[in-house]
Amino acid sequence: MRDDVPPSSPLTEPEPLAHGLKQRHLTMLGLGGVIGAGLFVGSGAGIAVAGPGIVVSYLLAGGLAMLVMRMLGEMSAAMPASGAFSVHAERALGRWAGFTVGWLYWFLLVVVLAVEATAAARIAHGWVPGVPQWGWVLVFMLVFTAANLAAVKNFGEFEFWFAALKVGAIVLFLALGALAVVGWLPDTDPVGLANLTGRGGFLPNGWSGVVSGVLVVVFAFGGLEVVTIAAAESEDPARNVARAVRSAVWRILLFYVGSMLVIVTLLPWTAIVPGESPYVAVLDAIGVPGAGQIMNVVIFVALLSALNANLYGSSRMVFSLAERGEAPRGLLRTAGGVPRRAVLASVAFGFVSVLLNLKWPDSVFLYLLNAVGSVLLFVWALIAVSELRLRRRIEREAPGTLSLRMWAFPYLTWAALAAMAAVLVLMLLDAGTRPQMLWSTGATALVLLVALARERWAARAR
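Conventions adopted
Residues numbered from 1 in each chain as written. Predicted model: local features only at pLDDT ≥ 70, side-chain atom pairs only at ≥ 80, totals over all residues. Heavy atoms only, no water. Helix = DSSP H or I, 4+ residues; strand = E, 2+ residues; numbered from the N terminus. Rg over C-alpha atoms; globule rule 2.2 N^0.38 Å. Buried < 20%, exposed > 50% of the residue type's maximum accessible area, 1.4 Å probe, protein only. Contact = heavy atoms within 4.5 Å. Areas by Shrake-Rupley, 256 points an atom, 1.4 Å probe, with all protein chains shown as cover. Patch = residues over 30% accessible without salt bridge, like charges linked within 9 Å, V, L, I, M, F, W, Y side chains within 5 Å. Salt bridge = Lys/Arg side-chain N within 4 Å of Asp/Glu carboxyl O. Axes fitted to C-alpha atoms, helices over the stretch in contact; angles between N-to-C directions. Parallel < 35°, antiparallel > 145°, perpendicular 65-115°, else oblique. Left-handed = near helix turned anticlockwise from the far one by under 90°. Nonpolar A, V, L, I, M, F, W, Y, C, P; charged D, E, K, R; others polar.

**Overview of the overall build of the protein**
Then comes step 1: Along the protein, the regular secondary structure elements total 19 helices and 0 strands.
Then comes step 2: Computed over C-alpha atoms, the radius of gyration of the protein comes to 22 Å, within 12% of the 23 Å expected from 2.2 N^0.38 for 462 residues, which places it in the range of a compact globule.
Then comes step 3: If one aligns the C-alpha atoms of the protein with their principal axes, the spans along those axes are about 75 × 55 × 40 Å.
Then comes step 4: A total of 462 residues make up the protein; the buried ones form 56% of that total.
Then comes step 5: Once local pairs closer than 6 in sequence are excluded, the contacts in the protein between residues at least 24 apart make up 80%.
Then comes step 6: Surface summary for the protein: the accessible area is close to 18300 Å², and the carbon and sulfur share equals 67%.

**A few points about a nonpolar patch on the surface**
Then comes step 1: Taken together, the side chains of Trp134, Leu138, Leu142, Leu355 and Leu358 make up a nonpolar region of the molecular surface, amounting to roughly 490 Å² of accessible area.
Then comes step 2: At the level of secondary structure, the elements contributing two or more residues to the nonpolar patch comprise α7 (133-149) and α15 (340-359).
Then comes step 3: Looking at which element gives the most residues to the nonpolar patch, the answer is α7, with 3 residues.
Then comes step 4: Its location among the elements puts Trp134 in helix α7.
Then comes step 5: Residue classification places Trp134 among the exposed positions, given a relative accessible area of 56%.

**Observations regarding the environment of Leu412**
Then comes step 1: Along the chain, the position of Leu412 falls in helix α18 (residues 411-429).
Then comes step 2: Exposure remark for Leu412: the relative accessible area of 28% places this residue in the partly exposed category.
Then comes step 3: Residues Leu412 and Ala384, 28 residues apart in the sequence, show an inter-C-alpha distance of 9.8 Å.
Then comes step 4: Setting aside its immediate chain neighbours within four residues, Leu412 contacts Leu67, Met406 and Trp407.

**Thoughts on the packing of helix α12 (residues 237-266) against helix α13 (residues 278-285)**
Then comes step 1: It is at 10 Å that the axes of α12 and α13 come closest, and there the two elements cross at 50°. Judged by the angle between their axes, α12 and α13 are oblique. When you trace α12 past α13, the crossing you get is left-handed. Contact residues: α12 offers Ser259, Met260, Ile263 and Leu266, while α13 offers Pro278, Tyr279 and Val282.
Then comes step 2: Residue composition of the contact of α12 with α13, grouped by class: 6 nonpolar, 1 polar and no charged.

Here it is as structure tokens:
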């Protein structure tokens, strides 16, 4: 994108994509986008290392995610585009930045998609053993490919109802948990603070446990970014993305932190088993019949929702890259306002990732997964740097487009960048997360080298 394009007109011409998403779609996408298996199951690993202090870990990680989303919401409201933060990075820092962040995020989505498809297939195979796991993967990929090839409103409806079920499950869990804490459920007594203060206290592993918890849970907040990508396909992108971001960030923090507080209040933290859902443990403890199967259904829906959102987000990101000459131009072909070639390209690479996960889960796919493990933090860092650069330019050239503003600019933006740097350094120092950090840094460096080489080649051609 050229530097002479004013902020008030991010693409100089209207998006060629359809505007089929409504405000309710974006709002629910923002709420449901990050409620997935990382919360329902992965939170158990965080509790195991931080104890009740996991509440603080989620506050810190959630606070960072809120700051990033506020920055992203500010830029997306002022300059809505299908490439969202990739477009913002290009405008703020140059083509190399847009290329790097766009391809890194696309790579992240198509690899994580394999984890979601395989996990959902494993659950479905348990329900219907007659269908092999690979058969379920194929069914899911075909169904969601068809949904993403159809009108964008179909994607919106899928995500609306998926997210509604997840949000409903969380709200019900919080309500039941609160009633159990005060002893208002049948056969329950008030639990008091025994589980929060006993067994080593609120911070049984000290502040190092809280920090370790942050390293475990921070990536569970990935997915919120998709709402800013989707906003470009709504009727009033600037207004809709501002509303969606405002409503999502506070509620997401409430759902995550509230859930953790209920879990560690009702159960001793030492009773939580990593790899098993602490939500199931709580529901079993308060006497909800069939808790395991209920949560299996919720987790299954959460996985399919994430799969659907990742297919959507990856296709729009690669379409935006093609628009700006950073991906093959053939991906620009649309039908009915849907970038079908971009969808099929993302599905193809996603399916390759699924096959690698099924065939070599502990070797080839593990390396791929490590390569994207920390990419989200690199993307977030580029979002923050872009906001620092663009905010001044927008205030100077088009202040009327700033319908959503970053809090305490630029101080909180710098604080967020410092927090991201701290997390990356801690990952490097931690033996468990070091391989992930090194592989992700290598993948980022590779994409960055390609971007810079393309810049140099283009300069010579001129």
